[in-house]
Amino acid sequence: MRIAVDAMGGDAGPRAAVQGSAVAVQAWPGLEVDLFGPRSLLEIELESLPRHLAAAGSHLAVHHAADVIRQDQRPSDALRRGERSSMAQMLGHLAGKHAVAGVSSGNTGALMALARRELGMVADIPRPAISTAIPVRGEGLCYLLDLGANVDVGAERLVDFARMGDVMARHVDGLEAPRVALLNVGSEGTKGSASVREADAWLRELPGLRYCGFVEGDGIFAGAADVVVCDGFVGNAVLKASEGLARMLIERVQTTFEAHWSSRLVGLLARPALRRLKGELDPVRYNGASLLGLAGIVIKSHGGADATGFSYAVLRAAREVSQDLPSRLAQELGARPRRQARPGRTALNKSKGE
C-alpha cells in the first residue's frame, strides 16, 4: 500500500509529516509513503529521523515539489497557480494511480478545490464533506459531518451527508447499523431551520438507514448517535469548541492536583488514571478528517498536528484504503434518492418566511 503525503502543509514545516509518516510505516505492515516537498528539506528530515524511526526511512520516498500552498492562499489562486506545489503534486500522484490515498495538513479550501479537480466526485455528489470521529461516552466514537466544507446547505445535501456517514461507519468501523441523527436546537419536530426539518422528513422515508431523528449538542458526547449530521458552519464550531474544552479540562485537572501538597499526593496516586484520561480526550488521537464524496481517498490532518497526530492521519488513510471506501460510496450512493415536496409545502414555508 502506497500513500502520498504533502509534507509541507503543517504549521511547523515538514518534520511532523516526515516523522509521522515513519511512525505510520512502523505501525502498518507493507505501508510505503511518498513525500512531496522541496527535496533538500525532506532529505534533511529523513537524515534526522530519531534512532527508533530510522529503519522506517527506507519506506519513505522523496518527490521534489518546489512550491508550497500558503495557509492564507485562496482556493481559486491555488487552482490557477499551484501546479508546482507539494499539495498539487501529491494529488496528481494520487490521480495518476501511483498511490492509493493522499494526506495533507495544508490549506483546507485549497485541498478541497484541488482534490475535486484532480480526482472528481462519486455519485453526483457536488462537493466533498469533511468528517472526523470525536470521543463520546463509554469509550465510543461519533462521526460528525460536515466540518466546514459546506457552510450553507439545503436538505438534499444533509441527506447526502447522512448517507455518506452511514457508509463510512459501516465499512471502516464495522458498525452493522450506525445510528444516524441530525443536529438541531431541540428534539421536537417543529424546531430548527426549514432545511433541517425537510431533511428530517426525507431521512425518515429512506429504507435501510437507522435514522433516529434530532439530537441536541449534548447528545453528541452522550453517545446518542454514531453519525451526527449538520452544516459546515455548525460542525466546525462544535469541533473546535470540543477540542478547546478537552484541553481546558485536562489543564484544570492537572492544576487542581498541583495546587496543594495533599492534592499533589493524591495526584501521584492518580497519575496512571490521569494519563489514560488525557490520552482518551486528546484531540491528537482523533486527527485525520476524511474528505467524503471524492473519487479517491484524501485525509486532512490538523495543521498543528505533531508527529504522533500526523501518524494517525496516515493510518486513517490506510484504513479507508483497506475498505475501498470510495467504491463503497459510489455503489451505495449511485442511486441518489429524490423526494418530491408535498403539495403546498414550498408555498407554505415561503409564506412563513422559512
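The structure under discussion appears in the preceding block.
The shown structure was predicted, so the numbers you read here are calculated from the model rather than taken from an experiment. (Residues numbered from 1 in each chain as written. Predicted model: local features only at pLDDT ≥ 70, side-chain atom pairs only at ≥ 80, totals over all residues. Heavy atoms only, no water.)

## Remarks on the pattern of salt bridges
Using the following cut-off: The working definition used for a salt bridge is a side-chain nitrogen of Lys or Arg within 4 Å of a carboxyl oxygen of Asp or Glu. Helix and strand assignments come from DSSP, with helices taken as H or I runs of at least 4 residues and strands as E runs of at least 2, each series counted from the N terminus. For every residue, the accessible area obtained with a 1.4 Å probe (protein chains only) is divided by the maximum for its type, and the residue is called buried under 20%, exposed over 50%, and partly exposed between those limits.
Taken as a whole, this structure holds 14 salt bridges when the rule is applied. The residue Glu332 makes a salt bridge to Arg170 at a minimum N-O spacing of 2.4 Å. Pair noted here: Glu332 is in helix 12 (residues 325–332) and Arg170 is in helix 6 (residues 155–172), with a separation of 162 residues, a long-range link. Salt-bridge contacts for Glu320 lead to Arg316; the nearest nitrogen and oxygen are separated by 3.2 Å. With Glu320 and Arg316 both in helix 11 (residues 307–322) and 4 residues apart, the pair spans about one turn of that helix. For Glu320, a relative accessible area of 3% gives the class buried. What makes Arg316 buried here is its relative accessible area of 7%.

## What about the sheet that holds strand 9 (residues 227–229)?
Our working rule: Following DSSP output, two strands are said to pair if at least two bridges run between them. Only the stretch in contact is used when a helix axis is fitted, and all axes are lines through C-alpha atoms; the angle between N-to-C directions ranges over 0 to 180 degrees. Should any heavy atoms of two residues lie within 4.5 Å, those residues are counted as being in contact.
Spatial strand order, 3-2-1-4-11-10-5-6-9-7-8: 11 strands in an open sheet with mixed pairing. Edge strands, defined here as strands with exactly one partner in the open sheet, are strand 3 (60–64) and strand 8 (211–215). For this sheet, the mean inter-axis angle between neighbouring strands, taken without regard to orientation, is 25 degrees. Relative to strand 11 (residues 298–300), strand 4 (residues 101–104) runs parallel, the two being bridged by 3 bridges. Along strand 11, the bridge assignment pairs Gly102 with Val298. Where helix 2 (residues 39–47) meets the sheet, it contacts strand 2 (32–37) and strand 3, and its direction lies at approximately 160 degrees from that of strand 3. The sheet contacts of helix 6 involve strand 5 (129–136), strand 6 (140–145), strand 7 (180–183), strand 9 and strand 10 (289–292), and relative to strand 9 the element is tilted by about 165 degrees.

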